[in-house]
Amino acid sequence: MWDAFKDLIFQIIQFFYDFCRDWGLAIIIVTVIFRVLISPLMHKQTKSSFQMQKVQPLMKEIQTKYADDPQRQQEEMQKLYAEVKFNPLAGCLPMLLQMPIFMALFQVLSEMGARTEGSTYEFYNLVPSLVERPSEAFAQGFGTFVPYLILMVVFAGATFLPMVLQQMNNKDSAQRKQMVIMSAVMSVFMLWISWSSPAGVLLFWGASSLIGLGQQQISMRIMKKRDAEAAETIEVKPIEVDVTRKVKKPRPTKKR
């Protein structure tokens, strides 16, 4: 089953390679298609996180009020999540969907030499070989290593940059600082992973993260615009007057 999935990934990439005659561009096209397919999930993720930021004061109030009752605190948190339609797992879903493709692409690019012998897997002469790892390129000299270093930085930075940008709107400075520090640590961890990953995998993940960043910013602007319009709109219900209704004249009283 897994081998069939890897073969499918390779066939899709090869299909676009036959069209554009460049392996790097073929990977980017596949990445764009994949991001378009999961764009509704990305919008839901951004919307959920945006709503959570707006209810941060309520969350702190619940944590303070029920500090001595963890069970009640959890129940009240669940009620709050239900009211604002926040799903804590929504932020993980897009990344979980990418992981099988990431793993399959990692193995496909590692086996690429055996799949099509004699082909050069370059990216418009910008990256000499998409099947080569940064650790291997570094051994060939710094000049050869530079394109792979750029891919490593994009791979690490673009993965967690959306999280950092999202926290910039967080009014809780302590939580914002904690999130930025965690993102920095995770970026270093991603650099370590990228050191032994094929350049094609770094290209896929970096392009995917950058496209996801664009999707996030578009969603954020749409939601902020809607909130601003809702705040400026004042609904005034007009007084309904029935002008067609005839007013009955009082009957004259007879004098005795």
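Definitions and limits used
- Residues numbered from 1 in each chain as written.
- Predicted model: local features only at pLDDT ≥ 70, side-chain atom pairs only at ≥ 80, totals over all residues.
- Heavy atoms only, no water.
- UniProt positions renumbered as here; feature names shortened; annotations may be inferred.
- Patch = residues over 30% accessible without salt bridge, like charges linked within 9 Å, V, L, I, M, F, W, Y side chains within 5 Å.
- Areas by Shrake-Rupley, 256 points an atom, 1.4 Å probe, with all protein chains shown as cover.
- Salt bridge = Lys/Arg side-chain N within 4 Å of Asp/Glu carboxyl O.
- Helix = DSSP H or I, 4+ residues; strand = E, 2+ residues; numbered from the N terminus.
- Core = buried A, V, L, I, M, F, W, Y, C linked by side-chain atoms within 4.5 Å.
- Buried < 20%, exposed > 50% of the residue type's maximum accessible area, 1.4 Å probe, protein only.
- Phe/Tyr/Trp six-rings, centres within 6.5 Å; stacked < 30°, edge-to-face > 60°.

As annotated in an unreviewed UniProt entry, the protein carries the name Membrane protein insertase YidC and comes from Gordonibacter pamelaeae. The Subunit (unreviewed entry) comment attached to the protein in UniProt states, word for word, "Interacts with the Sec translocase complex via SecD. Specifically interacts with transmembrane segments of nascent integral membrane proteins during membrane integration." In the Sequence similarities (unreviewed entry) part of its UniProt record, the protein is described as follows: "Belongs to the OXA1/ALB3/YidC family. Type 1 subfamily."

**Structural notes on a nonpolar patch on the surface**
On the surface, Phe142, Val146, Leu149, Ile150, Val153 and Leu191 cluster together into a nonpolar patch covering about 500 Å² of accessible area. The biggest single contributor to the nonpolar patch is helix 9 (residues 142-167), with five residues.

**A closer look at the nonpolar core**
Core analysis: the biggest nonpolar cluster contains 38 residues, and Ile13, Trp23, Leu105, Val127 and Leu130 have the highest contact counts within it. For this core, the secondary-structure elements that each account for two or more residues are helix 1 (2-20), helix 2 (23-37), helix 6 (93-110), helix 9 and helix 11 (199-232). Per-element accounting of this core gives the leading share, seven residues, to helix 9. Counting residues in each nonpolar core, the second largest holds eight residues, with Met52, Val55, Ile62 and Tyr81 among its members.

**Some thoughts on the packing of aromatic side chains**
Within this structure, the stated rule accounts for 14 aromatic pairs. The interplanar angle of 55° and the centroid separation of 6.4 Å between the aromatic rings of Phe155 and Trp205 together place this pair among those described as tilted. Of this pair, Phe155 sits in helix 9 while Trp205 sits in helix 11; the two residues are 50 residues apart in sequence, bridging distant segments of the chain. A network of ring pairs unites the aromatic residues Phe10, Tyr17, Trp23 and Tyr121 as a single cluster.

**Some thoughts on the UniProt feature "transmembrane region" (unreviewed entry) in the protein**
As annotated by UniProt and renumbered to match this structure, "transmembrane region" (unreviewed entry) occupies residues 23-42, 86-109 and 145-165. Between the end C-alpha atoms of residues 23-42 there is a gap of 27 Å, over a span that is 95% helix and 0% strand. Helix makes up 100% of residues 145-165 and strand 0%. Its end C-alpha atoms lie 29 Å apart.

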